[in-house]
Amino acid sequence: MEGYQDLWKDFKPEKLKWGRRIASGGYGDEFAGAYDRKKVAIKVMIGSAFAEAFQREVSTWIQLGDHPNIAMFIGATKDIKPPKQLKRCCCIVSEFLPGGTLAAYITKRKKIALSRKLQLALDAVRGVSHLHSKNIIHRDVKLENLILDGEGRVKILDFGISRIEDVDMSVNVGSRGYKAPEVMIHGSCGCKCDVFSFGICLWEIYYQKRAQLNMSTTPRIGDDCPGDLSNLMIRCWRDCKDRPKMAVVAKDLEVMLSKTEDDMGSQTNNQVGGCFGCLRR
Ligand SMILES: Nc1ncnc2c1ncn2[C@@H]1O[C@H](COP(=O)(O)OP(=O)(O)O)[C@@H](O)[C@H]1O
Ligand SMILES: [Mg+2]
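Within an unreviewed UniProt entry, the label attached to the protein chain reads OLC1v1016703C1, and the organism entered is Oldenlandia corymbosa var. corymbosa.

As structure tokens, then:
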């Protein structure tokens, strides 16, 4: 947590303008607003139970710095009174991302081109990969925590349960349907738990529907899925130690994206190898 306070010393809560409520989450509410003439999102965390999550989220976010696939942190305060709240509480302010969640994006659209799906997935991977490069594990990678900006780029947020790798990993956290088996069983894992969860996201992006899993099972991949894509999903769901690193997942998606949609479409699950046979397995 060291030093995180200094970084919000320039933040002036009195300059914050509150707008409509955009979501209700586990910690409190999320509002739209403005700060310094910029549109912002304000995450309000109500109650002392969330003080630790607040501090962790702020310190993690600050460590991440600027990255095109990470929502930009603007400031935070432990002492603010949101509209219609009697008590003062904590809030975290970030750039406003107007494109909505990736969950809404993929389920509300008709057929999205394969190249666009790969780009969405690659944006998400680059964001998570940046966390891993700083030894931070997100632990709640899911479509609700992947938000689109005004240009259609995906950015990751919600670092309330993120952890530095190897520090206190003994808790079974994360979201149902996205959790890696090792998290369910002994509650401890390295950054590979994010790779498992990303594999579920990848399936959801490809099929444009929610996997709706209960435990750490994996969804069925049909023969219609391009071979290298299904292969990548399966590798993400392997035993923890055999899963690829996020940086490798990113490289593989880059290779797939560099091919045309037609190339990919003609190569189905039955034909692993094909024009993407060059991918690492
Ligand atoms: N910067 C933002 N821009 C736009 N919407 C946001 C932003 N931050 C959060 N949201 C919305 O609020 C929801 C909850 O935010 P999140 O940080 O994930 O909190 P929680 O810990 O409650 O899940 C997100 O799923 C998204 O719909
Ligand atoms: Mg969230």
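A. Local environment of the overall build of the protein chain. Helix and strand content of the protein chain: 8 helices and 9 strands. Counting every position in the protein chain, which comprises 281 residues, the buried fraction comes to 40%. Taking as baseline every contact in the protein chain between residues at least 6 positions apart, the subset at least 24 positions apart corresponds to 65%.

B. Focus on the confidence of the model for the protein chain. Summarising the model, the protein chain shows a mean pLDDT of 87, and 85% of its residues fall at 70 or more. Predicted confidence for residues 270-281 stays below pLDDT 50, and this span has 21 contacts to residues more than four positions away or in other chains.

C. The arrangement of the environment of Ile185 in detail. Residue placement: Ile185 occurs in helix H4 (residues 181-186). Once the C-alpha coordinates of Ile185 and Asn172 are considered, the two residues, 13 residues apart in sequence, prove to be 8.1 Å apart.

D. Quick look at the site of ligand 1. In the neighbourhood of ligand 1, 20 residues make up the surrounding shell, with Ala23, Gly25, Ala41, Leu97 and Asp158 lying closest. Of all elements in the fold, only strand E1 (17-24), strand E3 (38-45) and strand E5 (89-95) reach the threshold of two or more residues within the shell around ligand 1. Here the shell around ligand 1 is built from residues that sort into 9 nonpolar, 6 polar and 5 charged. When residues of the shell around ligand 1 are sorted by domain, at least three fall in each of domain 1 (14-95) and domain 2 (102-269).

E. The environment of Ile136, seen in detail. Relative to the helices and strands, Ile136 is located in strand E6 (residues 136-137). Put simply, Ile136 and Phe159 are 23 residues apart on the chain and 9.6 Å apart in space, counted from C-alpha to C-alpha. Other than its neighbours up to four places away in sequence, Ile136 contacts Thr60, Gln63, Leu131, Ser162 and Ile164.

F. Structural detail: helix H7 (residues 246-258). Across its 13 residues, H7 extends 18 Å between first and last C-alpha, which sits within 8% of the 18 Å expected from 1.5 Å per residue. For H7, the full list of buried residues reads Met246, Val249, Asp252, Leu253 and Met256. The buried residues of H7 all sit within an arc of 120 degrees when viewed along its axis, so they share a single face.

G. Local environment of the packing of helix H3 (residues 114-133) against helix H5 (residues 192-207). Orientation of H3 relative to H5, taken along the N-to-C sense of each, is 165 degrees, at an axis distance of 10 Å. In terms of their interaxial angle, H3 and H5 are classed as roughly antiparallel. The two elements H3 and H5 cross, and the hand of that crossing is right-handed. Contact residues: H3 offers Lys117, Leu120, Ala121, Ala124, Val125 and Val128, while H5 offers Asp194, Phe198, Cys201, Leu202, Ile205 and Tyr206. Its residues assigned to classes, the contact of H3 with H5 comprises 10 nonpolar, no polar and 2 charged.

H. Representation of the nonpolar core in the model. Ala124, Phe198 and Leu202 are the most contacted members of the largest nonpolar core, which has 71 residues in total. Inspection of this core shows a minimum of three residues originating in each of domain 1 (14-95) and domain 2 (102-269). Residue contacts for Ala124: discarding those within four places in its chain leaves Leu146, Val154, Ile156, Phe198 and Cys201.

I. View of the pairing of E1. One ladder, built from 5 bridges, connects E1 with strand E2 (residues 29-35); its direction is antiparallel. Bridged to Arg21 within E2 is Phe31. Counted between consecutive antiparallel strands, the loop separating E1 from E2 contains 4 residues, among which Gly28 sits at a positive phi close to 160 degrees.

Rules and cut-offs
- Residues numbered from 1 in each chain as written.
- Chains lettered and ligands numbered in written order.
- Predicted model: local features only at pLDDT ≥ 70, side-chain atom pairs only at ≥ 80, totals over all residues.
- Helix = DSSP H or I, 4+ residues; strand = E, 2+ residues; numbered from the N terminus.
- Buried ≥ 20, exposed ≤ 12 C-beta atoms within 10 Å, placed from the backbone.
- Contact = placed C-beta atoms within 7 Å.
- pLDDT = per-residue confidence, 0-100.
- Near = placed C-beta within 6 Å.
- Nonpolar A, V, L, I, M, F, W, Y, C, P; charged D, E, K, R; others polar.
- Domains from an automatic or database assignment.
- Expected span 1.5 Å × (residues − 1).
- Arc of directions from axis to C-beta.
- Axes fitted to C-alpha atoms, helices over the stretch in contact; angles between N-to-C directions.
- Parallel < 35°, antiparallel > 145°, perpendicular 65-115°, else oblique.
- Left-handed = near helix turned anticlockwise from the far one by under 90°.
- Core = buried A, V, L, I, M, F, W, Y, C linked by C-beta atoms within 7 Å.
- Pairing = 2+ DSSP bridges.

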